[in-house]
Amino acid sequence: MSQQHVLVLNCGSSSLKFAILNPHTATVVLSGLAECLGSDTARLSYRFNNVKTAINLAPKASHQQAIATLVDIIKENDLAQHLVAVGHRVVHGGEHFTCSVIIDAAIKKVIAQTANLAPLHNPANLIGIEAAELAFANLPQIAVFDTAFHQTMPAEAYLYALPYSLYEKEGVRRYGFHGTSHFYVAQQAATMLKKSITGSYLISAHLGNGCSVCAIKQGQSVDTSMGLTPLEGVVMGTRSGDIDPGLFSFLTQQLGYSAVTIDTLLNKESGLLGLSQLSNDCRTLEEAHYAGNLQATLALDVFCYRLAKQIAAYVVPLGELDAIIFTGGIGENSSLIREKVLALLRFFGFTLDNDANLAARFGQSGVITANEGPCALVIPTNEELVIAQDAAQLIKEAN
C-alpha cells in the first residue's frame, strides 16, 4: 500500500463520518460513522477489510473522543503511514471560498466568522479540524466547502429582493449547499452521456434527509434551491422548504411562538415528518403508503410535486436540458419517488423504463428513461471521493 491515501472527515453536530480512500483509484480502505455524540448512546462503527466492527463510546463522548478512537483504529491497522492529508467537509464558506483550500490559522478564522450562517454545522466542522490537527500534526488539513460550487451563480439567482444593504453589510444572499455532490454527479452524467461537461445542460436532484436541486450549465452551477441556509427550497425529511415569510408573523403574533420554537418547527418538525405525522424516513413512508396510510401518501405527494416544480423551473436558467440526475439516499434508492416525479414532468416527454428504474437502486447507476431527447439518470454520489481528490491535488500543487 503506497503513501497516497486521504482521510476524509465529515463532522455533523452530533456525528462524525469518516473514510480513508485512494483519490486516484476511488478504493475505500476504511469507512465508518460515529453517531449520537454528546449522548449516553454515543457509538462508533467502521468497516475494514470487509469486516464491520461496532464500538460503544464513553457516555457523552465528544467529537475529540471519537477522533481519538479513530486514531487508535488507524494505528492498530497500520494505516497512518499511508496518509498524505486529511480532507474536511465544511458546510458554509460564504463568499470567501470558491474552491478547496489548505487550512491555516487564517482559514480557520474565516470558517469561524462564517459560523453565523451555519450555526449547527461550521462549529462542528471546526471541532473536527482542530481535533484532526492534534491527532495528525504532520499532515496537511484541507477544507472542501459545500457552498463553493455555487459561487458561479449570477446575481439574479443568488440575490433576495430585500434591501441591498443586507447583502452588502451582512452577506444575506442565497449560497446553496450539497455543492460537492452536485459537482460529482454532473461530471459522472457527462461521461455517461458521452458529452463534455462544458457542453452539458443538467439538473441534479440530491435527495436525502436534506434535499436540493441544482441547475448545472456547462459544468457550472447557475442556480440551486437551498439559500442562505439549508432550509430553503424543496420539501425535505424534517425541513419545510419554501414557505410564506408571513408565516413568522402569524406564528409569533397570533399563536405566541418564540423565534426558537419556530426555528425548531421549520427545521426539525416539518417536511415529510410533519406532513405524515409518522416519520422523516422515506422508506417508512413508502411502506405505509403501500399499506394504505393516507397521511404517508399525502406527504410523498407533496414532496414529489414540489420537487417536480423546482426541476421544471430550472429549465429557465439552463435554456436547454440533457438530463435530470437523481442522487442522494432517496434519489438513488426510491424507484417510487423517481416514478412519481417523472410522471409530473410528462411535458418533457419522459418515458419511464420500469425495469431500469427498479434496477437502478442500492448503488447501481443508469439511465431510467426510454425516450428520445432529455433523459433521467440515477447516479450514486461520492462526496468523499471529491474531497479526497481535491486534497490530493492541493498537496501536489503545494509540493
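That block above? That's the structure.
Just so we're clear, the structure is a prediction, and the values are computed from it rather than from any experiment. (Residues numbered from 1 in each chain as written. Predicted model: local features only at pLDDT ≥ 70, side-chain atom pairs only at ≥ 80, totals over all residues. Heavy atoms only, no water.)

Colleague: Sorry if this is basic, but what is going on with the packing of aromatic side chains here?
Modeller: Both the distance between ring centres and the angle between the ring planes are used here to describe each pair of aromatic rings. Scanning all chains against the criterion turns up six aromatic pairs. Seen in terms of ring centroids, Phe-347 and Phe-348 are 5.7 Å apart; in terms of plane orientation they differ by 85°. Their pairing is edge-to-face. Judged by centre distance (6.1 Å) and plane angle (40°), the ring pair of Phe-348 and Phe-350 falls under tilted. Counting every residue linked through ring pairs, the aromatic cluster contains Tyr-158, Tyr-164 and Tyr-167. Taking the ring centre of Tyr-158 as reference, the NZ or CZ of Arg-173 above it sits at 3.8 Å. For the cation-ring pair, Arg-173 lies above Tyr-175, with the distance from its terminal atom to the ring centre recorded as 4.8 Å. (Phe/Tyr/Trp six-rings, centres within 6.5 Å; stacked < 30°, edge-to-face > 60°. Lys NZ or Arg CZ within 6 Å of the ring centre and 35° of its normal.)

Colleague: Help me understand the packing of helix H6 (residues 179-192) against helix H16 (residues 383-398) in this model?
Modeller: How two helices pack is summed up by the angle between their axes together with the distance between the axes. With their axes 9 Å apart at the nearest point, H6 and H16 run at an angle of 90° to one another. Of the possible angle classes, the one that applies to H6 and H16 is roughly perpendicular. Mapping the contact onto sequence places Thr-180, Ser-181, Phe-183 and Tyr-184 in H6 and Glu-383, Leu-385, Val-386 and Ile-387 in H16. Residue composition of the contact of H6 with H16, grouped by class: five nonpolar, two polar and one charged. (Axes fitted to C-alpha atoms, helices over the stretch in contact; angles between N-to-C directions. Helix = DSSP H or I, 4+ residues; strand = E, 2+ residues; numbered from the N terminus. Parallel < 35°, antiparallel > 145°, perpendicular 65-115°, else oblique. Contact = heavy atoms within 4.5 Å. Nonpolar A, V, L, I, M, F, W, Y, C, P; charged D, E, K, R; others polar.)

Colleague: How should I be thinking about the sheet that holds strand E10 (residues 211-217) in this particular structure?
Modeller: Backbone-to-backbone hydrogen bonds join strands into a sheet, with any given pair of strands oriented parallel or antiparallel. As summarised here, the arrangement of the six strands in space is E11-E10-E9-E12-E14-E13, forming an open sheet in which the pairing is mixed. In this open sheet, the two edge strands, each paired with only one partner strand, are strand E11 (220-224) and strand E13 (366-367). Both strand E12 (residues 323-327) and strand E14 (residues 375-378) contribute to a ladder of four bridges, which runs parallel. Bridge pairing in E14 links Ile-324 to Ala-376. Against the sheet, H6 contacts strand E9 (201-207), E10, E11, E12, E13 and E14, and its axis sits at roughly 130° relative to E9. (Pairing = 2+ DSSP bridges.)

Colleague: What exactly am I supposed to notice about the nonpolar core here?
Modeller: A general feature of soluble globular proteins is that nonpolar side chains tend to end up buried together. Residues Leu-207, Phe-303, Leu-307, Ile-311, Phe-326, Ile-337 and Val-341 are the most contacted members of the largest nonpolar core, which totals 42 residues. Elements that contribute at least two residues to this core include exactly E9, E10, helix H10 (282-290), helix H11 (294-313), E12, helix H14 (335-344) and E14. Here this core gets eight residues from one element, more than from any other, and that element is H11. (Core = buried A, V, L, I, M, F, W, Y, C linked by side-chain atoms within 4.5 Å. Buried < 20%, exposed > 50% of the residue type's maximum accessible area, 1.4 Å probe, protein only.)

Colleague: When you look at the side chain of His-5 in this model, what are you seeing that I'm missing?
Modeller: Relative to the helices and strands, His-5 is located in strand E1 (residues 5-11). Once residues within four sequence positions are removed from consideration, His-5 is found in contact with Ile-20, Leu-21, Asn-22, Pro-23, Val-29, His-82, Leu-83, Val-84 and Ala-85.

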